[in-house]
Amino acid sequence: MASYGYQPNPAPQPQSSYSAQNNLNFYQSSYPQQPVSGHSTPFQAAYGAGTQSNAYGASGTANYGFGAFPAQAGASGQMGTGQSGLRTGWLAAFGTEGYEGEPPLLEELGVNFGHIQMKTLTVLNPVARIDQNIMDDADLAGPFLFCALFGTFLLLSGKLWFGYVCGLAALGAFSLNFIFSMMSPPLSQDEMNAAQSQHYGGSNHLSSTLTLGRSSSVLGYCLLPLVFASLLGVLLPLDSLIGYIVVSLAIAWCTYSSSAMFCVVGRMTNMRGLVAYPLALFYVGFGIMAIFSSRGTGRIDAMKAET
Amino acid sequence: MPQFGGFMNDPTAQMGLQMGQSAMKVGQEYVEQNFNRYINVSALKHYFNVSNRYVLSKTLLVLFPWRHRPWSRSQTNTASPSHNGSTTTQFLPPREDVNSPDMYIPLMAFITYVLLTTLIAGLNGKFEPQLLGMTFSNASVVIILELLVLWLGRYFLNISSESQIYDLVAYSGYKFVGVIVTIAVAAIVNRGKGTGGWVGWTVFAYTFMANAFFLVGEKSQKYPIQSTIARGQRSRRTQFLFVYSYVVQFAFMWWLTALNFTSGVPVVAGGKGIKGRWGR
């Protein structure tokens, strides 16, 4: 990684000489040179508390983003001029390099394909044993993808029902989260403190190990068998006997895997049947949508026959 | 570790970020407190503390309440957490007491009702997703009206029992079980042509009577007819209980079972003896 004027500096480094080395300091600092270590100002002390500032000071390139932050160069000239580590030049503008040490985009977005694949396989495999920590990173990327696929297959079979799919998914996620939070055993005080201090996506005021994020994640992943059923519905109308059987099997599969996951994640042992019934209702809602799309009811064929 | 771009490293921005975070945290706590004021979460948890055996026996109880003997809810004397040394009596949770009301069955029955009517409408070729919403709203209106009736009755009759609003909500939901049975049986027998015909009305009458009997049994425990209150008031209470259990429930259950979906708009079937026409 070519960086102009970048010198790998050891940790304690006088910042003033650092900026002097830099040839590309577009905006000269108008502040007097501060003494050596970066702790002279309170801001500096606060910010430099972690190891970040040292590492940043060391590896922040002297490359100053052109025209980006002139005022800040002045105010925090102490930080070193290598604030924004972007390369300049029109070739770099068309490139994909970013700041120094920036994580890849997918990792920053929280989309972890390895986890997605692992969870999908767990759903698809009816005899898999479910680890209790499988839902610790409750991502919604997989669920969104599956809902979008479901809507797309419904579209391909004749009905533009994305809105209804979305509405049913949202309503179901909220109410199922509420029900299962009520049904799960209450948290002990230690678990409450741990949950509060860690700030998973949002606090959990229903005194349960289930949060809305986790519930939605489980529900979305377990929608996968119904996505397959709706894919089948593109090819043949589901409003027939074989369609009913396929969709019923898909619903049973969804319910089976999601009830297993909920029982593990929500620590509700011995309640699997009671957990499974609301989930079955939820997936029956989706199943109804899959069966009764117009291709499924044969309406399109009927309309064709009329003309 | 992630190195952000320019503006995030500015200490001013950093402080602003921290202030924003703490403001959000304060706001969230405020919302939580108010949320907990409206919905008492721990009390609600009591109603969902059910077990398999409870659900099965309670459902059978709602449908066949004739031979059930002890209708009283069991109580335990537990040490009160707030006062030292004194004990408060609390009702046992549904897990341990069949007579205790729960909210799991009514809620499940409600959702099942919505889905079942939509499914049957779909089997008749009349499905549209708005049906889900319309049925849901209809059933919600029924529940709200019933709660209104109960609340007014409690207000006018000075019934100051310790029944909370949650108990009333729970009891008002049990009729959905009977409604579901009626609709399902009628759909199977009539091949989805509606709840008209003698089969539909017979099942409806039966489930209605069962539900009413069940409610009288439960409510006579909840509104205890003590000997200390005046005779006039006692008879008024019994009248109210009777009227509520039989007449009001009849009206609501009939409303719930008689929705037709001809031409996509729910229309209540008119009068006795008219076959509901759901077909194309």
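Looking at an unreviewed UniProt entry, one finds chain B named Protein YIF1 and attributed to Friedmanniomyces endolithicus. Comment text from UniProt for chain B, heading Function (unreviewed entry), reads "Has a role in transport between endoplasmic reticulum and Golgi."

Chain A is annotated in an unreviewed UniProt entry as Protein YIP from Friedmanniomyces endolithicus. What the UniProt record of chain A gives under Sequence similarities (unreviewed entry) is the line "Belongs to the YIP1 family."

Novice: When you look at the packing of helix α8 (residues 141–156) of chain A against helix α12 (residues 224–235) of chain A in this model, what are you seeing that I'm missing?
Specialist: Residues and elements named next belong to chain A. Their axes nearest at 8 Å, the elements α8 and α12 cross at an angle of 15°. Taken as axis vectors, α8 and α12 run roughly parallel relative to one another. Read as a crossing pair, α8 and α12 show a hand that is left-handed. Residue-level contacts link Phe146, Leu149, Phe150, Phe153, Leu154 and Leu156 of α8 to Leu224, Leu226, Val227, Ser230, Leu231 and Val234 of α12.

Novice: So what exactly am I meant to see when it comes to the layout of surface pockets here?
Specialist: Which parts of space are left empty comes out when a probe the size of a water molecule is rolled across the atoms. Taken as a whole, the largest pocket spans an internal volume of roughly 1200 Å³. Lining the largest pocket we find 41 residues, and of these Ser175 of chain A together with Leu107, Phe110, Ile111 and Phe136 of chain B sit closest to its centre. At the level of secondary structure, the elements contributing two or more residues to the lining of the largest pocket comprise α9 (162–183) and α14 (272–291) of chain A together with α4 (104–123), α5 (130–156) and α6 (165–172) of chain B. In the lining of the largest pocket, the residues fall into 31 nonpolar, 10 polar and no charged.

Novice: What should I look at first to understand the packing of aromatic side chains in this one?
Specialist: Each aromatic ring pair is described using two quantities: the centre-to-centre distance and the angle formed by the ring planes. Applying the stated criterion across every chain, the model contains 12 aromatic pairs over all chains. Judged by centre distance (5.4 Å) and plane angle (65°), the rings of Phe110 of chain B and Phe136 of chain B are edge-to-face. Here Phe110 of chain B is found in helix α4, whereas its partner Phe136 of chain B is found in helix α5, with 26 residues between them in sequence. We classify Phe110 of chain B as buried; its relative accessible area is 9%. The exposure class assigned to Phe136 of chain B is partly exposed, which follows from its relative accessible area of 34%. Among the aromatic residues, ring-to-ring pairing joins Phe150, Phe282, Tyr283 and Phe286 of chain A into one connected group.

Novice: Could you clarify how one ought to interpret α9 of chain A in this entry?
Specialist: Residues that lie three or four places apart on an α-helix share one face, since the helix turns once every 3.6 residues. Here α9 of chain A contains 22 residues, and its C-alpha end-to-end distance of 31 Å stays within 8% of the 32 Å for a straight helix at 1.5 Å per residue. All of the buried residues in α9 of chain A are Val165, Leu168, Ala169, Gly172, Ala173, Leu176, Asn177, Ile179, Phe180, Ser181, Met182 and Met183 of chain A.

Novice: Please clarify how the UniProt feature "transmembrane region" (unreviewed entry) in chain B should be interpreted in this entry.
Specialist: All names here are of chain B. The sites that carry the UniProt feature "transmembrane region" (unreviewed entry) are, in the present numbering, residues 104–123, 135–156, 168–189, 195–217 and 238–256. Secondary structure within residues 135–156 divides into 100% helix and 0% strand; the distance between the first and last C-alpha atoms comes to 32 Å. In residues 168–189, helix accounts for 91% and strand for 0%; the two terminal C-alpha atoms are 34 Å from one another.

Parameters and conventions
- Residues numbered from 1 in each chain as written.
- Chains lettered and ligands numbered in written order.
- Predicted model: local features only at pLDDT ≥ 70, side-chain atom pairs only at ≥ 80, totals over all residues.
- Heavy atoms only, no water.
- UniProt positions renumbered as here; feature names shortened; annotations may be inferred.
- Axes fitted to C-alpha atoms, helices over the stretch in contact; angles between N-to-C directions.
- Helix = DSSP H or I, 4+ residues; strand = E, 2+ residues; numbered from the N terminus.
- Parallel < 35°, antiparallel > 145°, perpendicular 65-115°, else oblique.
- Left-handed = near helix turned anticlockwise from the far one by under 90°.
- Contact = heavy atoms within 4.5 Å.
- 1 Å grid on protein atoms, 1.4 Å probe; cavity = no way out; pocket = protein on both sides within 12 Å on 5 of 7 lines; lining within 4 Å.
- Points joined across faces, edges and corners; volume = space filled by probe spheres on them.
- Nonpolar A, V, L, I, M, F, W, Y, C, P; charged D, E, K, R; others polar.
- Phe/Tyr/Trp six-rings, centres within 6.5 Å; stacked < 30°, edge-to-face > 60°.
- Buried < 20%, exposed > 50% of the residue type's maximum accessible area, 1.4 Å probe, protein only.
- Expected span 1.5 Å × (residues − 1).

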